[in-house]
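An overview of the molecular structure
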Amino acid sequence: MSSSEYVLEMRNISKNFPGVKALDDVTLKVAPGTVHAIVGENGAGKSTLMKCVFGLYTADDGEVILNGQPVSFASTKQALDAGIAMIQQELLPVLQRSVMENFWLGRFPEKNYGIIKIVDEKKMYADCKAVFDDLRLNIDPATKVFNLSASKIQSMEIAQAVSHHSKVIIMDEPTSSLTENEVEHLFTIIRKLKDQGIAIVYISHRIEEIFEISDEVTIMRDGKCVGTYPTKQLTPEFVIKQMVGRTLTNMFPPRENTPDGVVLKVENLTSVTEHSFRDITFDVKKGEIFGIGGLVGAQRSELVEALFGLRSVKSGTVSIDGKKVVITSPIQAKQYKMALLTEERRATGIFPVLSVLDNTIMASIGRYVHKSGLLDEKTGRRDAGKIIDTLRVKTPSLATLIENLSGGNQQKVIVARWLLTQPDILILDEPTRGIDVGTKYEIYSIIADLAKKGKTIIMISSEMPELIGMSDRIMVMCEGRVTGILDGKEATQERIMTLATQLM
Amino acid sequence: MKNPASTSWSKRINARSIREFATKNAIILVLAALVLVIGIVKNGFLTPDNLVNIMRISSVRLIIALGAAGVLISGGVDLSAGRTVGLAAVVAASLAQRPDYASKIFPNLPYMWVIVPILAGIAAGLLVGIINGLAIAYLKVPPFIATLGTMVIVWGAASLYVDRPPLGAQPIGGLRTDFTNLGTGSVGFMPTIILIALIVYCIYWVMLNKTQLGKNIYAIGGNLNAAIVSGVNVKKNLVTLYAIAGMLYGLGGVLLSARSGGATNNYGQSYELDAIAASVIGGVSNMGGIGTVAGVLTGVLIFEVLNNGLVVLGISAYWQQVVKGVIIVAAVAVDIRKYSKKR
């Protein structure tokens, strides 16, 4: 193979995270002047693969070849200098500063005045404007970034990549926060870059877009490369099948729950935020495991956070046991015997510097106040110890700081925290995220057991086998709306994926 | 669950265990070293009189630092502490002047039980604390800004309070002995002021460790969002916390005026910085969620031993400032190793 055929080659890349094989022998070849799409489910390893190129991760195995030269970047700066740029999924500009300051951040042009160097603002403005004009972007380089829409910020970052003279631009889910018109504009820019000979690596799970913009598609699943195909030879059905095509083995415990009688009823619930959830209607029965599926950006977390009083709704009603309720804070949600295990364990779950004991009793601490006003520590410790044992949390003692436990055990502690509140309705947002396979099974068993005892479970999951394996019914959301509610027994990964991408 | 604590006690003493002990107790070792070194160099330092004197001064500082430390643990900061001490001092002093004293703030001041000026001083602090708490919890003003504002307001209020035309702002003197006894008297062998500080210390320890409020404060400072999700009533807890802190500053002001036998509107100036410094020296995290009352006590003692020791050693007032500043940064740099080595 000649070195001029591909601008970027990744050969036999492997990457391990503690307990997870994130990438397993992945090979990718990208030709200049093409759009190469990488598709796969959440967690398939798409972003991880490209972060290995961009110097954010270092691959454990395999080689990266750029323009025929083997490379290994220790930092993103090295990658940028070598001609690779990546537009991250979560854009992180400095909002309070101007467009051009963000544009030149880390490489401000300077003028020398003897020993003093002064940042050359005129040059910053002019060069920035030139790049914008070339891409036909209508952005004033002097405006503050917080004045820009998500789409404009993204365009700014793409222009920034171009200004690095990048030969490869990686875009990670670039359309996740864009409207339809903005997507069209993005595609116009991408085609223009393509004409200039720049290779675009386009990470997405939106099937339609892939067919519109890409020349080649690499499909990934479970950290492995399923195959690379010219887009013209593909059909959406084939891509979806390849994306999800794994077989379910005995990964889930048997369920003996019997759903009966509606407990929670949600009607036409609509968020105050635009582009968030709207017109959500569903009901959940006592003893039911109700799965919520969808892709990143489907507004599932936003929906359950609204149910729990963490977000505001514009209209719609929520009823518990046939009575209409208005919940505007977690304090109220707890009074209605609801519990919420949030998605971001570090951000909204654990108290890292506190003990396992304190982490466990924090949501039900009011119950352990003695008549004297002091805490009844003995009872608290006894109850916490009991539930920690039941959930088989591996911790040296109750006094251990929670940050010293593994992710899976931290998760179990937070499950314990909520079980201690004796809830009737348990909402679990990605309960097994970042947890190793063995602990996953234990958490599934806990969930199945709770449902058997008549608790109502609402479970958001981005892992389709988990949804299908655990749920009595599955509600699928797309772009903030319900696109279907499937019976757990009839649900297939293909049907869920079709519903999850229906409105895109 | 296994219990490694039982095995760790039986571990033999070796170089590693000594290093671990030193890292864990660095601050106490620093205090011990300070006392020893100054004591060896200077004869007058380790006398009972001087040590009791240090503890008297530390008593007021401890009470104030406990209030400030609680706020730090909640993830906030209270800059109004010092000026609140000053306000409470002038309020209490103005109500505790001898009936026969010539230039009284209130010329017609009747004779009142001694508890009245004490409670008035504490109430003044409570008021400031409640205002802080409401501004922070309900108006969402960041603690740094909210308490910066009250700091300035309270200084103005204290100055207005002592500003009596035609004489203008004046020191308040001629305090009753039953009032000043709080600061200079004794109960048996025990100096009253130290006794009061000990009682406050114990109550505060119980509050932080044994009550719902205390647990919630650690949680709010440790992860505010997780506290909200867990259904902690963050607003109520914060208002209560700042109110308690205000009462402690108030008590500190009362004791300060009792100990010195008077008060001016400049009492308590920059005490908030000393309180914050003592807290962080004692291992309270300015990021919130971490800190113990024992640590605060150690921090205060280090600070006051230094203050006293540097004077005893005859070091110039200017150099004292430099040394204190270095100690603050160095102590925290040492203490932070306890937490940072894990990452």
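All values reported here derive from a predicted model rather than from experimental measurement. (Residues numbered from 1 in each chain as written. Chains lettered and ligands numbered in written order. Predicted model: local features only at pLDDT ≥ 70, side-chain atom pairs only at ≥ 80, totals over all residues.)

**What about helix H8 (residues 236-244) of chain A?**
Residues and elements named next belong to chain A. For H8, the full list of buried residues reads Val239, Ile240 and Met243. Axial view of H8: buried residues confined to an arc of 95°, hence all on one face. Considering only its buried residues, H8 is in contact with strand E3 (35-39), helix H7 (207-213), strand E11 (216-221) and helix H17 (493-500). (Buried ≥ 20, exposed ≤ 12 C-beta atoms within 10 Å, placed from the backbone. Helix = DSSP H or I, 4+ residues; strand = E, 2+ residues; numbered from the N terminus. Arc of directions from axis to C-beta. Contact = placed C-beta atoms within 7 Å.)

**Thoughts on the sheet that holds E11 of chain A**
Residue and element names in this part refer to chain A. The mixed open sheet is built from six strands, whose spatial order is E6-E9-E10-E3-E11-E12. The open sheet terminates on both sides in strands that have one partner only, identified here as strand E6 (84-87) and strand E12 (224-230). Between one strand and the next, the sheet's axes are offset by a mean angle of 20°, whatever the strand orientation. Bridging between E3 and strand E10 (residues 199-204) involves five bridges; their strand directions are parallel. Its bridge partner lying in E10, Val39 is registered against Ser204. Lying over the sheet, helix H5 (residues 150-163) contacts E6 and strand E9 (168-172), oriented at roughly 175° with respect to E6. (Pairing = 2+ DSSP bridges. Axes fitted to C-alpha atoms, helices over the stretch in contact; angles between N-to-C directions.)

**A word on the packing of H8 of chain A against H17 of chain A**
Residue and element names in this part refer to chain A. Two numbers describe how H8 lies on H17: the axes approach to 10 Å, and their chain directions differ by 120°. Taken together, the axis directions place H8 and H17 in an arrangement best described as oblique. Crossing hand, H8 versus H17: right-handed. Where H8 abuts H17, its residues Ile240, Lys241, Met243 and Val244 lie against Gln493, Glu494, Met497 and Thr498. (Parallel < 35°, antiparallel > 145°, perpendicular 65-115°, else oblique. Left-handed = near helix turned anticlockwise from the far one by under 90°.)

**Some details on the packing of helix H3 (residues 26-41) of chain B against helix H14 (residues 293-312) of chain B**
Residue and element names in this part refer to chain B. One way to put it is that H3 packs onto H14 with a least axis distance of 10 Å and a crossing angle of 20°. Considering their axes alone, H3 and H14 lie roughly parallel with respect to each other. Every pair of crossing elements has a handedness; the one defined by H3 and H14 is left-handed. Two secondary-structure elements touch here, H3 through Ile27, Ile28, Val30, Leu31, Leu34, Val35 and Ile38 and H14 through Gly295, Thr298, Leu301, Ile302, Val305, Leu306, Gly309 and Val312. Per-class residue counts for the contact of H3 with H14 are twelve nonpolar, three polar and no charged. (Nonpolar A, V, L, I, M, F, W, Y, C, P; charged D, E, K, R; others polar.)

**Considering the domain arrangement of chain A**
Residues and elements named next belong to chain A. Per the domain assignment, the segments making up chain A are domain 1 (8-83 + 165-244), domain 2 (258-337 + 424-503) and domain 3 (344-422). Each of domain 1 and domain 2 has a C-alpha centre, and these two points are 31 Å apart. Across the contact, 13 residues belong to domain 1 and twelve residues belong to domain 2. Looking at which element gives the most residues to the side of domain 1 that touches domain 2, the answer is H8, with four residues. Here the residues of the side of domain 1 that touches domain 2 are counted per class, giving five nonpolar, five polar and three charged. (Domains from an automatic or database assignment.)

**Topic: the pairing of strand E21 (residues 473-478) of chain A**
All names here are of chain A. When you tally the buried positions in E21, you get six out of six residues, the bulk of the element. Side chains Arg473, Met475 and Met477 of E21 all project onto a buried face; the interleaved residues Ile474, Val476 and Cys478 project onto the opposite face, where all are buried too. Sheet topology places strand E15 (residues 289-293) next to E21; four bridges connect them, and they run parallel. When the bridges of E21 are listed, Gly293 appears paired with Val476. Once E21 ends, the chain turns through two residues before running back antiparallel as strand E22 (residues 481-487), passing Glu479 with a positive phi of about 50°.

**Quick notes on the pairing of E22 of chain A**
Examined bridge by bridge, E21 of chain A and E22 of chain A share six bridges and lie antiparallel to one another. By the bridge assignment, Ile474 of chain A is partnered in E22 of chain A with Leu486 of chain A.

**Some details on the interface of chain B and chain A**
At the junction of the two partners, chain B supplies 23 residues and chain A supplies 27 residues. Only helix H1 (4-10), helix H9 (192-210), helix H10 (212-222) and helix H11 (224-229) of chain B provide two or more residues apiece to the side of chain B that touches chain A. Top element by residues in the side of chain B that touches chain A is H10 of chain B. It accounts for five residues.

**Brief notes about unusual backbone geometry**
Residue and element names in this part refer to chain A. Even without being a glycine, His165 presents a positive backbone phi close to 55°. With respect to the helices and strands, His165 occurs in the loop between H5 and E9. Taking the C-beta count within 10 Å as the criterion, His165 has 11 such neighbours and is therefore assigned exposed.

**A few points about helix H15 (residues 317-335) of chain B**
All names here are of chain B. Here H15 spans 27 Å end to end across 19 residues, near enough to the 27 Å set by a 1.5 Å rise per residue. Those residues of H15 not exposed but buried are Ile328, Ala331 and Asp335. When H15 is viewed along its axis, its buried side chains cluster within an angular range of 80° and face the same direction. H15 presents Tyr318, Trp319, Val322, Gly325, Val326, Val329, Ala330 and Ala333 as exposed residues on the side facing more than 90 degrees away from its buried surface. (Expected span 1.5 Å × (residues − 1).)

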